[in-house]
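Structural description and commentary
The lines below spell out each chain.
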Amino acid sequence: MRESNLESSTSMDIPRRSPPPPSGGGNNAIRAAIMVIVVAVLAGYLFLWVVVPTNPYKQLWLPELRAKTASTFFGTHQGATYLIFTLPVLFIALLGCVYLHLGKRTRTNNHFESGMVRWKRPVMIKGLGLGIVSRIELAFFLMFIALLVWSFATYLRNTFDKISKKSAATSSGHEKLWEAKLETVALRLGIVGNIALTFLFFPVTRSSSVLPLLGLTSEASIKYHIWLGHIAMTLFTAHGFCYFLFWAFTHELSQIVKWEKTGVSNVAGELSLLAGLVLWATTFPKIRRKMFELFFYTHHLYILFVLFFALHVGISYTSIMLPGFFLFMIDRFLRFLQSRRHVRLVSARVLPCATIELNFSKTKGLCYTPTSIIFLNVPSISKMQWHPFTISSSSSLENDKVSVIIKGEGEWSNKLYETLASPSPIDRLDVSIEGPYGPASTNFLRHNLLVMVSGGSGITPFISIMRDLAHTSETQKRQIPEILLITAFKNSADLTMLDLILPSSSSPSHLSNLRLQIEAYITQEKQPTMQEKNTIRTIWFKPITSDAPLTPILGQNSWLWLAAIISSSFIIYLVFIAILTRYYIYPIDHNTNKIYPSPSRTLLHILFICIGIVVTSSTVFLWTKTENTKETTQIQNMEGATPVVSPNSLCYNADRELESLPQQLITQSINVHYGERPDLKRFLFEVKEASVGVMVCGPKEMRHEVANICSSGLADNLHFESISFSW
């Protein structure tokens, strides 16, 4: 059926074109050199975590390094911690910025990607709650667990060797051997938990240069954040519980309320653990899905968790996990700056299936890749809530707008739909946006066939891919893969979502190049319903001077500006701390770490980190904002001079009668099946193309079914990729 329909389409008459040769040879060489350095530094950094629990590190290497780095500017411990834990990660982040900047002007054949195909095959891990993971993800997960087990076991072995009945009794006068060992276990659980905490914030740093450098996106990496969060909180909870037991057995419960002037503060640790437990309790799927607002608001307790963690262990030990949190703070402040201004909402398409498409104005300089996401905030619905949506437009095909499709499936989205679907539609809607965020590059052209499996609103990312491929075929004269879209809807009204494959603006003629077949399944209806033809209603919004087109947060050279922010903000922090330590703390403490209060020292470090980030990020943001002002003004003038609708109304019915050639081709390519679900095994096992990209976006059961088929080993030509809304 698929082959005959594809061949009958006039779009199959497109002549086959050879891909152009790779370009950017000079940039490729520089990027290759950067990647070699990154791999070397990253390998050394990871190896450091392996040797940290060992006696040679603790007794020989660390004391020697501290002796060489001790100064009146950074104290006795801080310099060594910066050198081996903080600077390597920031150096990788800076190299990543340069690498990604050069990659914007380079087109290469990704041989590394093709060599990793076997390792990227999906594996289903149900027992541990990991869901769909690739083999390489599973390998790294097991290696990380091995690192935690190795660290904990090595710490215990080295410490237990030094504990005896005599030493236990001597330490406090009345400790038993097992009590001394319990205290050691409690301490080491906290230290091992800090390993997970060190990596916790990397996956949620949306504009990070580290993630795309490693071929990851923030959306796809959320699962790593979830895994690390569960591991860290399990270890920290066990750490606190063991200490409570130890204090109870040794009759030292008064330790619970102690806040030492120097050294470890018990009260701060307890407050950090309490904030973490409340946050952790709302992250489990059943609670998060049923009470998303509770999850959203309690997640902001991470601020208290990190603050009291730093006060608990001191700034020197906190610097071990500082790089990830430092990059996260930069990202968070940049998102704050971007979200302060409302974005120009041009129009909305309202579908009869409780679905809307929002179309925003953007500058031509804002580029993004297919499957990218943006976060939306609508103050009239909720001033605090931000919701992620996959972009359905293509920045190549539609260079003046960005679109998202939103289906009413929750309280927030239903309120938005009711607002726009009202018989008396509004003429203005304030919307703020963060993003877009997405992969640094995509490589769909390496496949002969793309099989896209979607459920409900899961069709959204595939629309952006189809539009982008159509533009590539037209402008670059390259052959694009055939597309088989298998989509499942609950009722026939949802079929109107297929009309959104065509953009609401720009010339849709590019889409005639698509070799597309759509197999649509209506699962809850046995036959077509005899209803009046459903129409798509388009609402145009009044242009407001205060609204601005969506622009790149850091301008055209965003990666270079991000590198400048990372480096300059950390340098400002180091300069302030060096001056403070040399001329204020050192005259009081003389590097003994026993006189000047640890909480005060920690709070001053946090203050100077914030100052460095705020000053540099705001400066760069304002600088790039002035560069974007000219283009923004031109867009606003064009919108003000060109009426987009009849002066008598701001709303009209766009009754798509399927008159255009692209719409006719899409209609002819659709096969609708009622009262059944797609037989995914038959579809996937019947394809014979040499390389088949299989993408799925929809309910968890659908993703798992497709993953099981692709990982069965019965078809070597299937290459799986899951797109899930896991925020």
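Residues numbered from 1 in each chain as written. Predicted model: local features only at pLDDT ≥ 70, side-chain atom pairs only at ≥ 80, totals over all residues. Heavy atoms only, no water.

According to the stated counting rule, one finds 31 aromatic pairs in the structure shown. By way of ring pairs, the aromatic residues Tyr-45, Trp-49, Phe-85, Phe-144, Phe-199 and Phe-202 are connected into one cluster. Against the face of Phe-375 rests Arg-206, its NZ or CZ located 3.6 Å from the ring centre. Of note, Arg-582 hangs over the ring of Tyr-583, and the distance from its end group to the ring centre comes to 5.3 Å. (Phe/Tyr/Trp six-rings, centres within 6.5 Å; stacked < 30°, edge-to-face > 60°. Lys NZ or Arg CZ within 6 Å of the ring centre and 35° of its normal.)

Another point: unusual backbone geometry. Residue Gly-435 is joined to Pro-436 through a cis peptide bond whose omega torsion reads 5°. Locating Pro-436 in the fold gives a position in strand β8 (residues 432-437). The phi torsion at His-251 lies on the positive side, around 55°, for a residue other than glycine. Looking at the element boundaries, His-251 is found in the loop between α10 (222-249) and α11 (266-281). Of note, His-590 is a non-glycine position whose phi angle comes to about 55°, a positive value. Considering the arrangement of structural elements, one finds His-590 in the loop between α19 (558-589) and α20 (598-641). (Helix = DSSP H or I, 4+ residues; strand = E, 2+ residues; numbered from the N terminus.)

Here the focus is the pattern of salt bridges. Applying the stated criterion across every chain, the model contains 15 salt bridges. Salt bridges here are not isolated pairs; linked through shared partners, they connect Arg-349, Glu-357, Glu-398, Lys-401 and Arg-467. (Salt bridge = Lys/Arg side-chain N within 4 Å of Asp/Glu carboxyl O.)

Right, let's get into the confidence of the model for the protein chain. Close reading of the predicted structure is inappropriate where its pLDDT is low. With 84% of its residues at a pLDDT of 70 or more, the protein chain has an overall mean of 83. Note on residues 107-115: pLDDT under 50 across the span, and 11 contacts to partners over four residues away in sequence or across chains. (pLDDT = per-residue confidence, 0-100. Contact = heavy atoms within 4.5 Å.)

Another aspect to go through is the side chain of Thr-250. When you line up the elements, Thr-250 lands in the loop between α10 and α11. Given the relative accessible area of 3%, Thr-250 is considered buried. (Buried < 20%, exposed > 50% of the residue type's maximum accessible area, 1.4 Å probe, protein only.)

Moving on: the packing of helix α4 (residues 78-103) against helix α16 (residues 322-338). As a packed pair, α4 and α16 sit with axes 8 Å apart at the nearest point and diverge in direction by 45°. Here α4 lies oblique to α16, going by the angle between them. Judged by residue contacts, Phe-85, Thr-86, Val-89, Leu-90 and Ala-93 of α4 engage Leu-322, Pro-323, Phe-326 and Leu-327 from α16. Of the residues belonging to the contact of α4 with α16, the class tally is eight nonpolar, one polar and no charged. (Axes fitted to C-alpha atoms, helices over the stretch in contact; angles between N-to-C directions. Parallel < 35°, antiparallel > 145°, perpendicular 65-115°, else oblique. Nonpolar A, V, L, I, M, F, W, Y, C, P; charged D, E, K, R; others polar.)

Judged by nonpolar contacts, the single largest core of 94 residues is most densely connected at Phe-85, Phe-201, Phe-326 and Ile-566. Here the element with the most residues in this core is α10; it accounts for 13 residues. In this view, Ile-566 contacts Leu-90, Ala-93, Leu-94, Cys-97, Phe-326, Leu-327 and Ile-330; residues no more than four positions away in its chain are not counted. Ranked by size, the runner-up nonpolar core spans 31 residues in total, among them Ile-405, Ile-463, Phe-489 and Leu-495. (Core = buried A, V, L, I, M, F, W, Y, C linked by side-chain atoms within 4.5 Å.)

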